[in-house]
Amino acid sequence: MAAPALGKDLVGLEPLSAEQIRLILDTAEPFKEVSERPIKKVPALRGKTIVNLFFEASTRTRISFEFAEKRLSADTVNVASTGSSVSKGETLVDTARNLEAMRIDMVVIRHGSSGAAQFLGHRIRSNVINAGDGKHEHPTQGLLDILTLRDRFGKIEGLKVAICGDILHSRVARSNIWGLTKLGAEVAVCGPATLLPRNVHELGVTVLPRIEDAIQWADALNVLRLQLERMHAGFLPSLREYNRVFGVTTERLAKAPKDLLILHPGPMNRGVEIDSDVADGPHSVILPQVTNGVAVRMAVLYLLAGGSPDWTQQTGGVD
Ligand code: CP
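Figured I'd write up the structure that's included with this text. Note that the structure is a prediction, hence the values are computed from the model and not measured.

Looking at the sheet that holds strand E7 (residues 206-207)
On the basis of which strands lie adjacent, the open sheet formed by five strands has the order E7-E6-E5-E8-E9 and parallel pairing. Every interior strand has two partners, whereas the edge strands, E7 and strand E9 (261-263), have only one. With two bridges connecting them, strand E6 (residues 186-190) and E7 associate as parallel partners. By the bridge assignment for E7, valine 189 is matched with valine 207. Set on the sheet, helix H5 (residues 139-153) makes contact with strand E5 (160-164), strand E8 (220-223) and E9; between it and E9 the angle comes to about 165 degrees.

Considerations on the nonpolar core
With 61 residues, the main nonpolar core has Phe31, Leu143, Leu149 and Leu301 as its most contacted residues. Top contributing element to this core by residue count: helix H11 (residues 286-304), with ten residues. Judged by nonpolar contacts, the second largest core, of 29 residues, contains Leu195, Ala214, Leu236 and Val278.

Considerations on the state of the cysteines
Counting across every chain of the model gives zero disulfides. Take cysteine 164: it sits in no disulfide, and the sulfur closest to it among the cysteines is that of cysteine 190, at 4.8 Å. Note on cysteine 164: relative accessible area 3%, which makes it buried.

Notes on the site of the ligand
In the vicinity of the ligand, the contacting residues are Ser58, Thr59, Arg60, Thr61, Arg110, His138, Gln141, Pro265 and Gly266. Arginine 110 places a side-chain nitrogen or oxygen 2.9 Å from an oxygen atom of the ligand. Here proline 265 contributes a backbone N or O atom positioned 2.8 Å from a nitrogen atom of the ligand. Burial of the ligand by the protein amounts to 91% of the accessible area it has alone, namely 260 Å². Counting atoms within 2 Å of the grid points, the majority share of the ligand lands in the largest pocket. Classifying every residue of the shell around the ligand gives one nonpolar, six polar and two charged.

Description of the sheet that holds strand E3 (residues 106-111)
Strand order in the open sheet made by the four strands is E2-E1-E3-E4, with parallel pairing throughout. Edge positions in the sheet fall to strand E2 (75-80) and strand E4 (127-133), since each of these pairs with one other strand and no more. This sheet shows a mean twist of 15 degrees between the axes of neighbouring strands, independent of strand direction. As judged from the five bridges shared by strand E1 (residues 49-54) and E3, these two strands associate in the parallel manner. Bridging across to E3, isoleucine 50 finds its partner in methionine 106.

Let's talk about the layout of surface pockets
Its volume calculated, the largest pocket comes out at about 430 Å³. Of all elements in the fold, only helix H2 (60-71) and helix H6 (171-182) reach the threshold of two or more residues within the lining of the largest pocket. Split by residue class, the lining of the largest pocket holds five nonpolar, eight polar and eight charged. Within this model, the second largest pocket holds a volume of roughly 190 Å³. In terms of lining residues, the second largest pocket is bounded by 13 residues, among which Thr250, Leu253, Leu260, Pro282 and His283 are the most central. For the lining of the second largest pocket, the elements supplying multiple residues, two or more each, are helix H9 (250-253) and helix H10 (276-279). Classifying every residue of the lining of the second largest pocket gives six nonpolar, four polar and three charged.

What to know about the pattern of salt bridges
This structure, assessed with the given rule, holds 15 salt bridges. Notably, a salt bridge pairs aspartate 219 with lysine 258, separated by 2.7 Å at the nearest N-O pair. Here aspartate 219, found in the loop between helix H7 (211-217) and E8, pairs with lysine 258, found in the loop between H9 and E9; they are 39 residues apart in sequence, far enough to count as distant. Relative accessible area serves as the criterion here: at 15%, aspartate 219 is assigned to the buried category. In this structure, a network of salt bridges that share partners links the residues Asp26, Glu29, Lys32, Arg150 and Asp151.

What counts, and where the lines are drawn
Residues numbered from 1 in each chain as written. Predicted model: local features only at pLDDT ≥ 70, side-chain atom pairs only at ≥ 80, totals over all residues. Heavy atoms only, no water. Pairing = 2+ DSSP bridges. Helix = DSSP H or I, 4+ residues; strand = E, 2+ residues; numbered from the N terminus. Contact = heavy atoms within 4.5 Å. Axes fitted to C-alpha atoms, helices over the stretch in contact; angles between N-to-C directions. Core = buried A, V, L, I, M, F, W, Y, C linked by side-chain atoms within 4.5 Å. Buried < 20%, exposed > 50% of the residue type's maximum accessible area, 1.4 Å probe, protein only. Disulfide = S-S within 2.5 Å. Near = heavy atom within 4 Å. Polar contact = N/O pair within 3.5 Å; in protein donor to acceptor, adjacent residues only side chain to side chain. Areas by Shrake-Rupley, 256 points an atom, 1.4 Å probe, with all protein chains shown as cover. 1 Å grid on protein atoms, 1.4 Å probe; cavity = no way out; pocket = protein on both sides within 12 Å on 5 of 7 lines; lining within 4 Å. Sits in = over half its atoms within 2 Å of the grid points. Nonpolar A, V, L, I, M, F, W, Y, C, P; charged D, E, K, R; others polar. Points joined across faces, edges and corners; volume = space filled by probe spheres on them. Salt bridge = Lys/Arg side-chain N within 4 Å of Asp/Glu carboxyl O.

That is the geometry; function is a separate question.
So, in structure tokens, the structure goes:
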């Protein structure tokens, strides 16, 4: 049977089928090995030009996209809003059209507005990959989280994953919810009522009001950062209060019926949503998530460029 194509753009996991998500995860598997080689390069995207257009701060996503592109032998250009003509008022579409006039092939975009990636994808010919848009989705983060869970548990179907913290402002939560539920996981969300979206039940998740309940129920906790930069109202009494009521601590995890896998997309607020001894502890896969991010992004770039899932036969040896 032919592999399901991904289409022109990757704007989220909501529009993807379970088969398309599995295709990306399966394509990422052999790409993991490329990053372990002394010469971390395959010629899969040789001749392709990719622009990384970041309108918001990023460490993991921006750098791992750039590594992924370089390891696939693409030519890359990084554009930030500061230092570009965006700071003079040029629009997103004008910026992208000017880049396209220089004959680029793909745009990776992070933007503060929900829907920015889709908006751009409808207006330019190049492939567009969403690297996080407002509160909407962060699909490659969702994919790398799911890949990390699959690595540890062997499967996603039937897995119980609790997403804890600031769900309201989190594009990571949305991409995890869409991806995990499509693959048959049970998903719960846990956080203060002020940080849960009003329609959260419509996303097919259970709401667990107490972190203790999430710890009793789950196989894995995906702990989210409080997005203080997106909070323009009094969502919380204080960060200390948040840690006291919702913090993921060694003491709380000691009461779990089993060892829970601990994920966090980063950046972490140590001592707020997660304590350092948990983040750095034996059940944390926070750094393996980052490692998987490169392989997942290589897979997405490769597939959108029209690559075949059996890439080792297509691209062969080391550059
Ligand atoms: N997880 C994540 O998106 O991190 P960055 O903001 O550093 O890219």
